[in-house]
Amino acid sequence: MSSNQAINNLMAGIINGEVEVVDLAQPLNESTPVIQLPEPFKNTGGFRYIQLSQYDDAGPAWYWNDFVAGEHCGTHFDAPNHWISGKEGDSVDSMPAKNMIGEACVIDISQQSAENPDYCLTVADIVAYEDKYGRIPDHSWVILYTGWGKYGQDPEKFFNIGEDGMPHTPGTTVEASIFLAQERNILGFGVETVGTDAGIAATFDPPFPNHFYMHQANRYGLAQLANVDQLPPRGSVIIATPLKITNGSGSPIRPIALVPKK
Ligand code: MN
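Thresholds, definitions, all that
Each chain has its residues counted from 1, running along the sequence as written. In view of the model being predicted, local features appear only for residues whose pLDDT reaches at least 70, and side-chain atom pairs are presented and counted only at 80 or more, with totals across whole chains, interfaces and linings using the full set of residues. Neither water nor hydrogens contribute to the side-chain values; these are computed over all heavy atoms in the structure. Helical segments are the DSSP runs of H or I of at least four residues, strand segments are the runs of E of at least two, and each set is numbered from the N terminus. With C-alpha atoms as the basis for the radius of gyration, the globule rule is written as 2.2 Å multiplied by the number of residues raised to the power 0.38. Under the scheme applied here, a residue whose accessible area is under 20% of the maximum for its type counts as buried, over 50% as exposed, and between as partly exposed, the area being computed with a 1.4 Å probe on protein chains only. The contact definition used throughout considers only heavy atoms, calling two residues in contact when any of these lie within 4.5 Å. With residues, only the protein chains shown are counted as cover, and all accessible areas are computed by Shrake-Rupley using a 1.4 Å probe. Only residues whose relative accessible area exceeds 30% and that form no salt bridge enter a patch; like-charged residues are grouped when within 9 Å of one another, and nonpolar side chains (Val, Leu, Ile, Met, Phe, Trp, Tyr) when within 5 Å. A pairing counts as a salt bridge when a side-chain nitrogen of Lys or Arg comes within 4 Å of a carboxyl oxygen of Asp or Glu. Grouping buried Ala, Val, Leu, Ile, Met, Phe, Trp, Tyr and Cys residues that are joined through side-chain atoms within 4.5 Å yields what is termed a nonpolar core. Two strands are said to pair when DSSP picks up at least two bridges between them. Interaxial angles span 0 to 180 degrees and are taken between N-to-C directions of axes, which are lines fitted to C-alpha atoms, for helices over the stretch in contact. Each helix should span, by expectation, one fewer than its residue count multiplied by 1.5 Å. In the analysis that follows, any N or O atom pair within 3.5 Å is treated as a polar contact, provided that within protein one partner can donate a hydrogen and the other can accept it, and provided that, for residues neighboring in sequence, both atoms belong to side chains. In this analysis a donor is any N, O or S atom within 2.8 Å of a metal ion (3.2 Å for sodium, potassium and calcium), and since water is not included, sites may seem incomplete. Ring pairs are drawn from Phe, Tyr and Trp, using the six-membered ring of Trp, whenever the two centres fall within 6.5 Å, and their geometry is named by plane angle: stacked under 30 degrees, edge-to-face over 60, tilted for the rest.

A.B. asks: What exactly am I supposed to notice about the overall build of the chain here?
C.D. replies: What the chain contains, in helices and strands, is 6 helices and 13 strands. The C-alpha radius of gyration of the chain comes to 19 Å, within 12% of the 18 Å expected for a compact globule of 262 residues. Taken along its principal axes, the extent of the C-alpha atoms in the chain is 60 × 55 × 35 Å. In the chain, which comprises 262 residues, the proportion classed as buried is 46%. In the chain, the share of contacts with a sequence separation of at least 24, taken over all contacts with a separation of at least 6, comes to 74%. On the chain, roughly 13500 Å² of surface is accessible, and the fraction owed to carbon and sulfur atoms is 54%.

Printed below as a string of structure tokens:
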């Protein structure tokens, strides 16, 4: 029998509570908010149960369901091939399993987002974060803490549709998207909102710059995260495992974070 100290220490920490396991998923059901694209674009149908049996004639001793779900539905993973700029990049099944695990670098723009729902992360915000907490390391997840996770079950606040008919939710500037995709060697970018770009990012140049530049650089996205407020700025580890859908562009996930406790 072999024994590895790193694994032993991790498991001891999880069992004794020195390492807390935080659930980063929102509940997934027929009320889960899904993105609404304008005409003429096709929309995802979200999540639907199809019950097979519940201890009844169709299955007297068992309960089970089929489900229909969009790849980009609820708390979910964006693969690079989701975007035209990343179409030669990884799909959820081809990505290396190692890339599903990385340290979380959590950048807090919750104050700015509360004051201005259209607030977008700037390069200056990233530089200020690095001045305080150190350079964003290779193979890490950058997580944008906006406070939007608390609206995850309230579609009106979650989408925050304005009088202009557009969603008003925080995201990233074009420059910050380019900086993270090209100047830092990260796994990807995670958010609490419905997608990894700001609500009004259809009006940016290019449109949806975080999708465009991240996926172009073969980086991943995490959307509709919950409990981001429980993550420290540095030092926790996120495990985000999409379903192995052949040539899939994304997948609902239940990401977890390993958070050190003093
Ligand atoms: Mn998506």
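So much for the structure itself; the text now carries on.
A.B. asks: Sorry, what's going on with a nonpolar patch on the surface here?
C.D. replies: Taken together, I7, M11 and I15 make up a surface patch of nonpolar side chains, about 320 Å² in accessible area. With respect to the helices and strands, the residue I7 is situated in helix α1 (residues 5-16).

A.B. asks: Just to check I follow, could you spell out the nonpolar core for this structure?
C.D. replies: L121, I126, I136, V142, L180, F189 and F204 are the most contacted members of the largest nonpolar core, which has 26 residues in total. The contacts of I136, once residues within four sequence positions are left out, are C105, I126, Y129, E130, V142, L180, R184 and I186. M95, M100, V228 and A240 belong to the second-largest nonpolar core, a separate cluster that totals 22 residues.

A.B. asks: Before we go on, may I ask you to explain the sheet that holds strand β5 (residues 101-108) in this structure?
C.D. replies: Across a sheet, paired strands are connected by hydrogen bonds in the backbone, their directions being either parallel or antiparallel. Overall, mixed pairing links the 9 strands, which are arranged β1-β13-β11-β5-β7-β9-β10-β4-β12 in an open sheet. Of all strands in the sheet, those with a lone pairing partner are β1 (19-23) and β12 (250-252), marking the two edges. Here the strands of the sheet are splayed against their neighbours by 25° on average, with no regard to which way each runs. Here strand β4 (residues 76-78) runs beside β12; their pairing, made up of 3 bridges, is antiparallel. By the bridge assignment, F77 is partnered in β12 with S251.

A.B. asks: Would you explain α1 in this entry?
C.D. replies: Helical periodicity: at 3.6 residues per turn, an α-helix aligns residues three or four positions apart in one direction. Between its terminal C-alpha atoms α1 stretches 16 Å, which fits the 16 Å expected from 12 residues at 1.5 Å a residue. N-capping of α1 is provided by N4, with a side-chain oxygen placed 2.8 Å from the backbone N of A6.

A.B. asks: Sorry if this is basic, but what is going on with the coordination of the manganese ion here?
C.D. replies: For a metal with four donors in a tetrahedral arrangement, the ideal angle between donors is 109.5 degrees, while six donors in an octahedron ideally sit at 90 or 180 degrees. Within the protein, the atoms that donate to the manganese ion are H72 (ND1), H76 (NE2) and D78 (OD), at distances of 2.2 to 2.3 Å. Here the donor residues of the manganese ion are spaced in sequence according to H-x3-H-x1-D. D78 matches H76 in its accessibility class, with the two residues each being buried.

A.B. asks: In this structure, what is going on with the side chain of S85? I would like to understand it.
C.D. replies: Looking at the element boundaries, S85 is found in the loop between β4 and β5. At a separation of 2.7 Å, a polar atom in the side chain of S85 contacts the main-chain carbonyl oxygen of F212. Not counting residues up to four positions away in its chain, the partners in contact with S85 are H211, F212, H215 and Q216.

A.B. asks: How do you make sense of the pattern of salt bridges when you look at a structure like this?
C.D. replies: Side chains that differ in sign of charge can pair as their charged atoms come close. Counted under the stated rule, the structure contains 4 salt bridges. With a closest N to O distance of 2.8 Å, R184 and E130 form a salt bridge. Pair noted here: R184 is in the loop between α5 (174-182) and β9 (188-190) and E130 is in helix α3 (residues 123-133), with a separation of 54 residues, a long-range link. For the pair shown, R184 and E130 are each scored as buried.

A.B. asks: Any chance you could explain the packing of aromatic side chains here in plain terms?
C.D. replies: For any pair of aromatic rings, the description rests on two quantities: the centre-to-centre distance and the angle between the ring planes. Tallied over the full model, the rule gives 11 aromatic pairs. Their ring planes at 50° and their centres at 6.3 Å tell us that W141 and Y220 sit as a pair that is tilted. Of this pair, W141 sits in strand β7 (residues 140-145) while Y220 sits in strand β10 (residues 220-223), and the two are 79 residues apart along the sequence. You'll find W141 and Y220 in the same group, each marked buried. Taking the centre distance of 5.2 Å and the plane angle of 90° together, the rings of W148 and Y151 count as edge-to-face. Among the residues examined, Y151 registers a relative accessible area of 21% and is labelled partly exposed. Each member of the aromatic cluster is reached from another via a ring pair, and the members are F47, Y49 and F67.

A.B. asks: I would appreciate a short explanation of helix α6 (residues 209-216) in the present structure.
C.D. replies: Among the 8 residues that make up α6, 6 are buried, leaving the element largely enclosed by the rest of the structure. Along α6, the positions that sit buried rather than exposed are P209, N210, H211, Y213, M214 and H215. Its buried side turned inward, α6 meets β4, β8 (171-172), α5, β9 and β10. Two residues or fewer after α6 comes N218, characterised by a positive phi angle close to 60°.

Honestly, it's all geometry; don't read function into it.
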